[in-house]
Protein chains: 2
Amino acid sequence: MARDEAPSNPFNDKDALLANVALLYYGEGLTQSEIAKRLSVSRPTIVNMLRECRDRGIVEIRVDGEVLAASALSRQLVARYGLEDAYVSRCRIGGDKPPARGESLAQLARVAAMAVLDVVRPGDTVGVAWGETIKSVADAMPRQPVEDVTVCQMIGSMVSDRVAASEDCAIRIANCLNASCYTLHAPAVLSSRDLAASLRSEPTIAKQLERLQRLDVAIYSIGNTDPDTHLIAAGIATKDQVADAVDAGAAGILCCRYIDLNGNPVDLPPNERVVAVEVDHLRAAKRKLVVIAGQDRLRAAQAILNGKLATHLCVDEALAVALLQAD
Amino acid sequence: MARDEAPSNPFNDKDALLANVALLYYGEGLTQSEIAKRLSVSRPTIVNMLRECRDRGIVEIRVDGEVLAASALSRQLVARYGLEDAYVSRCRIGGDKPPARGESLAQLARVAAMAVLDVVRPGDTVGVAWGETIKSVADAMPRQPVEDVTVCQMIGSMVSDRVAASEDCAIRIANCLNASCYTLHAPAVLSSRDLAASLRSEPTIAKQLERLQRLDVAIYSIGNTDPDTHLIAAGIATKDQVADAVDAGAAGILCCRYIDLNGNPVDLPPNERVVAVEVDHLRAAKRKLVVIAGQDRLRAAQAILNGKLATHLCVDEALAVALLQAD
DNA sequence: CAATGTATTTTACAAATGTCAAAACGAAAA
DNA sequence: TTTTCGTTTTGACATTTGTAAAATACATTG
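Residues numbered from 1 in each chain as written. Chains lettered and ligands numbered in written order. Predicted model: local features only at pLDDT ≥ 70, side-chain atom pairs only at ≥ 80, totals over all residues. Heavy atoms only, no water.

Visitor: Would you explain the layout of surface pockets in this entry?
Guide: Any empty space left between the atoms is revealed when a probe the size of a water molecule rolls over them. Counted as a void, the second largest pocket has a volume near 980 Å³. Its residues assigned to classes, the lining of the second largest pocket shows 22 nonpolar, 13 polar and 13 charged. (1 Å grid on protein atoms, 1.4 Å probe; cavity = no way out; pocket = protein on both sides within 12 Å on 5 of 7 lines; lining within 4 Å. Points joined across faces, edges and corners; volume = space filled by probe spheres on them. Nonpolar A, V, L, I, M, F, W, Y, C, P; charged D, E, K, R; others polar.)

Visitor: What should I look at first to understand the sheet that holds strand 9 (residues 265-266) of chain B in this one?
Guide: Sheet strands pair via backbone hydrogen bonds, and the direction of the pair is either parallel or antiparallel. Residue and element names in this part refer to chain B. Taken together, the three strands give an open sheet; going across it, the order is 7-8-9, and neighbouring strands pair in antiparallel fashion. Looking at strand neighbours, the two that pair on one side only are strand 7 (250-254) and strand 9, the edges of this open sheet. Both strand 8 (residues 257-260) and strand 9 contribute to a ladder of two bridges, which runs antiparallel. Considered in strand 9, the bridge of I259 is made with P265. Its contacts with the sheet place helix 14 (residues 298-306) against strand 7 and strand 8, and it is angled at close to 80° to strand 7. (Pairing = 2+ DSSP bridges. Helix = DSSP H or I, 4+ residues; strand = E, 2+ residues; numbered from the N terminus. Contact = heavy atoms within 4.5 Å. Axes fitted to C-alpha atoms, helices over the stretch in contact; angles between N-to-C directions.)

Visitor: Explain the sheet that holds strand 10 (residues 287-292) of chain B here, please?
Guide: Residues and elements named next belong to chain B. Spatial ordering of the open sheet is given by 2-11-10-6-3-4-5, a layout of seven strands whose pairing is parallel. Lying at the two open borders of the sheet, with one neighbouring strand each, are strand 2 (85-89) and strand 5 (180-182). When the angles between neighbouring strand axes are averaged without regard to direction, this sheet yields 15°. Lying over the sheet, helix 6 (residues 101-119) contacts strand 2, strand 6 (217-220), strand 10 and strand 11 (312-316), oriented at roughly 155° with respect to strand 2.

Visitor: Can you help me understand the packing of aromatic side chains in this one?
Guide: Pairs of aromatic rings are described using the distance from one ring centre to the other and the angle between the two planes. Applying the stated rule across the entire model yields two aromatic pairs over all chains. Arranged with centres 5.0 Å apart and planes meeting at 85°, the rings of Y25 of chain A and Y26 of chain A form a pair that is edge-to-face. Overall, Y25 of chain A belongs to the partly exposed group, its relative accessible area being 28%. A cation sits over an aromatic face here: R211 of chain B above Y182 of chain B, 3.6 Å from the ring centre. (Phe/Tyr/Trp six-rings, centres within 6.5 Å; stacked < 30°, edge-to-face > 60°. Buried < 20%, exposed > 50% of the residue type's maximum accessible area, 1.4 Å probe, protein only. Lys NZ or Arg CZ within 6 Å of the ring centre and 35° of its normal.)

Visitor: What is the right way to read unusual backbone geometry from this model?
Guide: All names here are of chain A. The omega angle of the peptide bond from P269 to P270 is 5°, so this bond is cis rather than trans. Tracing the chain through its elements places P270 in the loop between strand 9 (265-266) and helix 13 (279-284). Within the chain, C255 stands out as a residue other than glycine whose phi angle is a positive 50°. Looking at the secondary structure, you find C255 in the loop between strand 7 (250-254) and strand 8 (257-260). On the basis of relative accessibility, which here comes to 6%, the residue C255 falls in the buried class.

Visitor: For this particular structure, what's the right way to read the packing of helix 2 (residues 32-39) of chain B against helix 3 (residues 43-55) of chain B?
Guide: Describing two packed helices takes the angle between their axes plus the distance from one axis to the other. Residue and element names in this part refer to chain B. The contact between helix 2 and helix 3 brings their axes to 8 Å, and the two run at 105°. In terms of their interaxial angle, helix 2 and helix 3 are classed as roughly perpendicular. In this structure, helix 2 contributes Q32, S33, I35, A36 and L39 to the contact, and helix 3 contributes R43, I46, V47 and L50. For the contact of helix 2 with helix 3, a count of residues per class yields six nonpolar, two polar and one charged. (Parallel < 35°, antiparallel > 145°, perpendicular 65-115°, else oblique.)

Visitor: When you look at the interface of chain B and chain A in this model, what are you seeing that I'm missing?
Guide: Accessible area lost when the parts come together is the quantity often used to give the size of an interface. Every contact between the two is made by 60 residues of chain B and, on the other side, 60 residues of chain A. Surface buried jointly by chain B and chain A totals about 5,200 Å² across both partners, of which 54% is contributed by carbon and sulfur atoms. Interface area lost by chain B to chain A is led by L23, R38 and R75 of chain B, which between them contribute 13%. With a closest N to O distance of 3.3 Å, E103 of chain B and R38 of chain A form a salt bridge. When contributions to the side of chain B that touches chain A are tallied by element, the ones reaching two or more residues are helix 1 (13-27), helix 2, strand 1 (59-63), helix 4 (65-68), helix 5 (72-81), strand 2 and helix 6 of chain B. Sorting elements by how many residues they give to the side of chain B that touches chain A places helix 1 of chain B first, with 11 residues. (Buried area = accessible area lost by both parts, 1.4 Å probe. Salt bridge = Lys/Arg side-chain N within 4 Å of Asp/Glu carboxyl O.)

Visitor: Looking at this structure, how should I read the relation of the copies chain B and chain A?
Guide: Turning chain B through 180° and shifting it by 0.0 Å along the axis lays it on chain A, with an RMSD of 0.1 Å. Between the two chains, the operation in question is that of a two-fold axis. Minimal C-alpha separation from the rotation axis in chain B is found for I61 of chain B, amounting to 2.2 Å. Comparing interface residues between copies, 100% of those in chain B also sit at the interface in chain A, which points to an isologous, same-surface contact. (Least-squares fit on C-alpha atoms with pLDDT ≥ 70 in both.)

Visitor: Any chance you could explain the protein's contact with DNA strand C here in plain terms?
Guide: Near DNA strand C, the surroundings consist of V41, S42, R43, P44 and T45 of chain A together with Y25, T31, Q32, R43, P44, V47 and R51 of chain B. At a separation of 2.2 Å, a phosphate oxygen of DNA strand C approaches a polar side-chain atom of T45 of chain A. The separation between a base oxygen of DNA strand C and a polar side-chain atom of R43 of chain B is 2.8 Å. Of all the secondary structure elements, the ones that give two or more residues to the surface near DNA strand C are helix 3 (43-55) of chain A together with helix 3 of chain B. For the surface near DNA strand C, the residue count by class is five nonpolar, four polar and three charged. (Near = heavy atom within 4 Å. Polar contact = N/O pair within 3.5 Å; in protein donor to acceptor, adjacent residues only side chain to side chain.)

Visitor: Quick question: what am I supposed to make of the UniProt feature "domain: HTH marR-type" (unreviewed entry) in chain A here?
Guide: When the UniProt feature table is mapped onto this chain, "domain: HTH marR-type" (unreviewed entry) is found at residues 23-65 of chain A. Taken end to end, residues 23-65 of chain A is 63% helix and 12% strand, and its two terminal C-alpha atoms sit 23 Å from one another. (UniProt positions renumbered as here; feature names shortened; annotations may be inferred.)

Visitor: I tried to follow the protein's contact with DNA strand D on my own but got confused; where do I start?
Guide: Neighbouring residues of DNA strand D: Y25, T31, Q32, R43, P44, V47 and R51 of chain A together with V41, S42, R43, P44 and T45 of chain B. For DNA strand D, the fraction of protein-proximal atoms (within 4 Å) that sit in sugar or phosphate groups is 56%. Contacts to DNA strand D include Y25 of chain A, whose side-chain N or O atom sits 3.2 Å from a phosphate oxygen. Within the side chain of Q32 of chain A, an N or O atom sits 2.7 Å from a phosphate oxygen of DNA strand D. Elements with a minimum of two residues in the surface near DNA strand D: helix 3 of chain A together with helix 3 of chain B. Of the residues forming the surface near DNA strand D, the biggest block, four residues, is contributed by helix 3 of chain A. Taken together, the residues of the surface near DNA strand D break down into five nonpolar, four polar and three charged.

Right under this line is the structure:
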């Protein structure tokens, strides 16, 4: 009976022992010394085993998403904006200064990761965006298989010095969900409108874009139109182009496309050269999980909410309060 | 906006804070002191919050079932007995004396609880037996919703001084899976054959028994025919009746019914007075998770395996070794 | 057989956690 | 306003865990 008899099970005898040790510690509540005694090894060996369990995902520690959506702020956001659910992350209370952006984003990402598990159901086709926020969510995801799920990359490939390549988010989330993954084999933005149109007509890409027209779930964030927006940092748009878009009414940037305060697309450069899901196709998804960090994104968040572009909202406390205080 | 606007969410603002604290501790890896500082509370308050999270299932700590099925013993059992999966629990290594039954059962129950989450799929109809072993499994289950699952009690109601009422296991497992639950509103054993037949014909009970004929998953254990069997302890059969059954070839007791070494039913008292799933209907289930503790149940385990009454086996190490050493 | 590399054990110590009793605090009721 | 009750804080201490260096053990290689 060769080891590769069950090629789908990549674990071995030692791994099974690790799993048993994890059950004794986390499940039975034995101390490391008690376990070491039972297994006739030293306590540091047990420490190493438990660390390996956590590091490799043999043990997963999950927080109930439903509880995360239960706060007063969450309920008020649901009532105010007609959402199915709202998740508000809190990482600091009181004090005279608010949390740093990194600290807040880290906790928001964890909350959103739990929200993903709440929102995604067996059989779903899930579109995943790309950006610093979505990348953090992907990093925070535990391994939780969901049956028959397909994950699709919604924005063409792009490399930024701030975030890894855009297919990375989709692949990572697909791995956590044990899902099939369809990446979008095209740059997010082309050099000319004609070239972008040609690429969209390529059968493999056309098929993938067609898939993005009938998503069950879409997971995305929204960017600012501030001068430090990712679009400029990634060389996709110039400062002047973004300024022109703002003048024309752009309130936020959604999957590389501008939207105005009512959630309608603003068709200005580089929109015609972009290869990504259309705003209206996002709006058509049954469940839309939008993750937004920071009070500075209030206007962009309002564009999302006014444009019915979210069914499930995940924000930090500062943005939640700002959304509730806004007219 | 009244609190009962979302009646399906029974949690509140404080619960949401607990969940956030849990994410900071288990997810971010902050110490209790760091969290206390951030939230402007005392460290014992954080200790209490984390304990409440664990106690109420706001936090769940899970071990990957696939890893538990990866040991050498598991692979050998799969190969030897043609199983889909085998889970072997280990709670003690080496030493000159084996683990106590209670210690072994506790760990086996935890392993089996993880196995349940591996085996049950969305849309499944799941039959659940009753007994000390299955009760322990139910107690060890984490809260893990699985879509559209129906849980059915397979053995009529019975109260024992050793285990709670038999519908308890089914209800508890149903709650963990967020499943519908159908209990079997009849005693497990009646005083006469005619009365049992009449009860089986009652529409509600007949419907429930009919449901048990087409199970996707069945979860059960098997009992011994020793004098200390539950059947005698519960007053269902006398010592003489059990002895007669053994003389007639009974090797084990499965859902209150005798089976011989080939897994065939042995139709002796109190079989005709029993209200429970039929052995052949168990055999017909697509996935059969059988949980057996103790080397003393070798013969009963062999009856199960010979009779194709298990697709997924969950045993402790002593029984695993005994099964592999048997002819 | 000796040398080498890897893993575990031993030992120690700092940090974190668990637990608890007494005191303090704040809200609600009388 | 006072009393009562529940919760939290304070302070302390025992236990457990995390971490690390040195020693030991064992398997592999030349």
